[in-house]
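What follows is the residue order along each chain.
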Amino acid sequence: MLAKKKKFYITTPIYYCNRVPHLGSAYTTIAADIIARYYRLRGEDVFFLTGLDEHGAKMAEAAEKAKKEPKDFCDGMARKFRNTWKALNINNNGFIRTTDAKHKKVVQEVLQRLWDESFIYKGEYKGLYCVGCERYLTKVDLVDGKCPDHQRKPELLKEESYFFKLSKFQPELLEKIKKAEGEFVIEPLERRNEMISFLEKQKLRDVAISRKKVKWGIKLPFDTSHTAYVWVDAFLNYLSGIGWKGDLVALPEFWPPDIQLMAKDILRVHATIWPGLLMALKIPLPKKLFVHGFFTVNGQKMSKSLGNVIDPTYLVKKYGVDPVRYFLFREISFGHDGDVSEERLKERYNSDLANGIGNLLSRTLTMAEKYWEGTVPDIDINKTGVDYFSRKSKEDLRRCLDDIVAENFNLQNRDWSYILRHHSLRCWKLQQEAIEAFDLNEALAFAQTLAHACDAYIEHCEIYSPSKKLGDSKEKINIALYDVLETIRHIAWLLLPFMPDTADKIFEQLGLDPEKEKKKKFEEATKWGGLKPGTKIKKGKPLFPRL
Ligand code: MSP
């Protein structure tokens, strides 16, 4: 019997579609895609959900401005989002829209249940509301009387509203967040501490979950003169998007999420209202919220009014999808804030991609064509490596690897042909640890480390002038070229979650069938010797032509 695959469920926030997707929403979505692709390669059964938040005052306003009916407006925007995700090579399993009939049904079922179980009561909301955030604000949140994020004055609301008894869950919530190995982990650590301190110092207030004035929304089943507050509506996407029907008996098989990604702007609601609703429903909480950094453009927050919103499709058209994916995740440390600019993209493109990985592939294949008739050298893979591993201590190995990168490698050393083999294995292991800790920029660096090692190795073995070396030892020089070609196969694997198209192109140029190669189990792919001696290489166009 086949062993059951481990399930892995990852979500992004659902984005407001009042405007076309920008680089910010693309950032979270690509991150989720990278993580999802990684776990798929690891053999897990992955569900990656993203989607759109389509109700509420802000959406209604945007539709009105566009002189369209809200639903028509959202349909048009949904197409744009889908196209952008396609252009960015996002391989999501689900795309939920809060205007989907199945989602609306779930929201109504849930609200009815909370009402029946007295978690909801009627009251009056008096206070400030920012339509930009779709959030209730207090005076403390304002700067010069305005919402600092949206530069607009909040409305003063005074209206009949239904409230959810969030305050009731404060002690339980705090306890769950504080548990070291809890079911509701918040990462990175500083974000977790921030939430703990918030919950220790402030009393959670019950939250208004309906709006009387806002017509564009899901009607409360027990009072149809109100619509559901957009955030309550939106949170439930994480359940309806994996097929939940709203009944408590059958939770979807992917529940709970292994990881929910977001930026810090929406952590607080995700760490209060969202778990509060789940606790009231007696549904297990997500395993982890991961809060990544917020990025600025040339030092400024990306915003329409500043005119610095970057359209990801513009970058993709100009530089190609993989360089954009590479840039975002190599440039900014995931989990911290950072700045991006087109200038930096160009610099990274030339230094890391054109001169780095792209050049390595093209020069190696040129050598193979010139001196080995375009064929992977015929060596005995099984002959190499074994005695090396048995004789060397870990410290010695590390020293050899550091030497090779520092171009301090001694060809006289009789262990020279095993260096790349060991280095590849080490990079796999370190990349694995980095991705699983969501250290995506560190994870991506290992492909580059390995490419540097290959460059150093080519220089020291002088593979580019094999006639000199052939006299010396034909076997040695054959092994040297083999080592580099096989290491490039490993580099392609390390790039796979981040730059799937590039990895495919590398496999192809090495003479491998990308589809077959990717079907390999992870353990098999990591093994040295995946590139068979005698394979015909297929040198193609440069991966990254210099700008
Ligand atoms: N609709 C709500 C979320 C509901 S989820 C139940 C919302 N939408 S949003 O369109 O404003 O998206 C906010 C999210 O977009 C952030 O949390 C982050 O994931 C992403 N980002 C938007 N701008 C960003 C940057 N400049 N930098 C990094 N992430 C950015 O809030």
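Procedures and definitions
Residues numbered from 1 in each chain as written. Predicted model: local features only at pLDDT ≥ 70, side-chain atom pairs only at ≥ 80, totals over all residues. Heavy atoms only, no water. Helix = DSSP H or I, 4+ residues; strand = E, 2+ residues; numbered from the N terminus. Buried < 20%, exposed > 50% of the residue type's maximum accessible area, 1.4 Å probe, protein only. Contact = heavy atoms within 4.5 Å. Areas by Shrake-Rupley, 256 points an atom, 1.4 Å probe, with all protein chains shown as cover. Lys, Arg positive; Asp, Glu negative; His and termini not counted. Charge placed at Lys NZ, Arg CZ, Asp CG, Glu CD. pLDDT = per-residue confidence, 0-100. Salt bridge = Lys/Arg side-chain N within 4 Å of Asp/Glu carboxyl O. Pairing = 2+ DSSP bridges. Right-handed = clockwise from strand over helix to strand, strands pointing away. Expected span 1.5 Å × (residues − 1). Phe/Tyr/Trp six-rings, centres within 6.5 Å; stacked < 30°, edge-to-face > 60°. Lys NZ or Arg CZ within 6 Å of the ring centre and 35° of its normal.

Asker: Describe the overall build of the protein chain, and please don't skip the residues or the numbers.
Answerer: Scanning the protein chain from N- to C-terminus turns up 22 helices and 16 strands. Judged by the C-alpha coordinates and their principal axes, the protein chain covers about 90 × 50 × 40 Å. When each of the 547 residues of the protein chain is scored for burial, the buried share is 58%. When contacts within the protein chain are restricted to residue pairs at least 6 apart in sequence, those whose partners lie at least 24 apart make up 78%. When the accessible area of the protein chain is evaluated, it comes to approximately 24400 Å², of which 50% is carbon and sulfur surface. Here the protein chain contributes 90 positively and 76 negatively charged side chains, and the mean placements of these two sets differ by 3 Å.

Asker: An account of the confidence of the model for the protein chain is requested, with residue identities and associated values reported.
Answerer: Averaged over all residues, the pLDDT of the protein chain is 90; the fraction at 70 or higher stands at 91%. Low pLDDT (under 50) marks residues 385-391, which in the prediction has 14 contacts with non-local residues, meaning those over four places away or in another chain.

Asker: Can you lay out the pattern of salt bridges for me, pointing to particular residues and giving the numbers?
Answerer: Taken as a whole and assessed by the stated rule, the structure comprises 36 salt bridges. Residues Glu517 and Lys520 are paired through a salt bridge, measuring 2.9 Å at the closest nitrogen-oxygen approach. You can call Glu517 buried: its relative accessible area is 2%. On the accessibility criterion, Lys520 (17% relative accessible area) is buried. Ionic contacts of the salt-bridge type, sharing partners, join the residues Glu331, Arg344, Glu347, Arg348 and Asp352 into one network.

Asker: Residues and numbers for the pairing of strand β1 (residues 7-16), please.
Answerer: For β1, the buried fraction is high: nine of the ten residues fall into the buried class. Direction of pairing for β1 relative to strand β2 (residues 45-53): parallel, over a ladder of eight bridges. Its bridge partner lying in β2, Tyr16 is registered against Asp53. For the crossover that starts at β1, traverses helix α1 (residues 23-41) and ends in the parallel β2, the hand is right-handed. In terms of strand pairing, β1 meets strand β12 (residues 259-263) through two bridges, oriented parallel. Each bridged residue has a counterpart across the sheet, and for Ile10 the counterpart in β12 is Ile259.

Asker: Kindly report on α1, identifying the contributing residues and their values.
Answerer: With 19 residues, α1 ought to run about 27 Å at 1.5 Å a step, and its terminal C-alpha atoms sit 26 Å apart, in line with that. Taking burial as the measure, the 19 residues of α1 include 18 buried ones, the bulk of the element. Looking one or two places after α1, you find Gly43, whose phi comes out positive at around 90°.

Asker: Pulling in residues and values, what's your account of the packing of aromatic side chains?
Answerer: Per the stated rule, a full pass over the model turns up 35 aromatic pairs. Judged by centre distance (6.4 Å) and plane angle (55°), the ring pair of Tyr9 and Trp255 falls under tilted. You can see Tyr9 sitting in strand β1 and its partner Trp255 sitting in the loop between α8 (237-240) and β12, a full 246 residues away along the chain. Residues Tyr9 and Trp255 agree in their burial class; the two are buried. A ring pair is formed by Tyr349 and Phe544, whose centres lie 6.1 Å apart and whose planes are at 85°; its orientation type is edge-to-face. Placement of the pair is Tyr349 in helix α13 (residues 342-372) and Phe544 in the segment after α22 (522-526), with a sequence separation of 195 residues. Assigned by exposure class, Tyr349 and Phe544 land together as buried. Counting every residue linked through ring pairs, the aromatic cluster contains Tyr9, Phe47, Trp231, Phe235, Tyr238, Phe254, Trp255 and Trp274. Stacked on the ring of Tyr129, the Lys or Arg Arg211 has its end atom at 4.5 Å from the ring centre.

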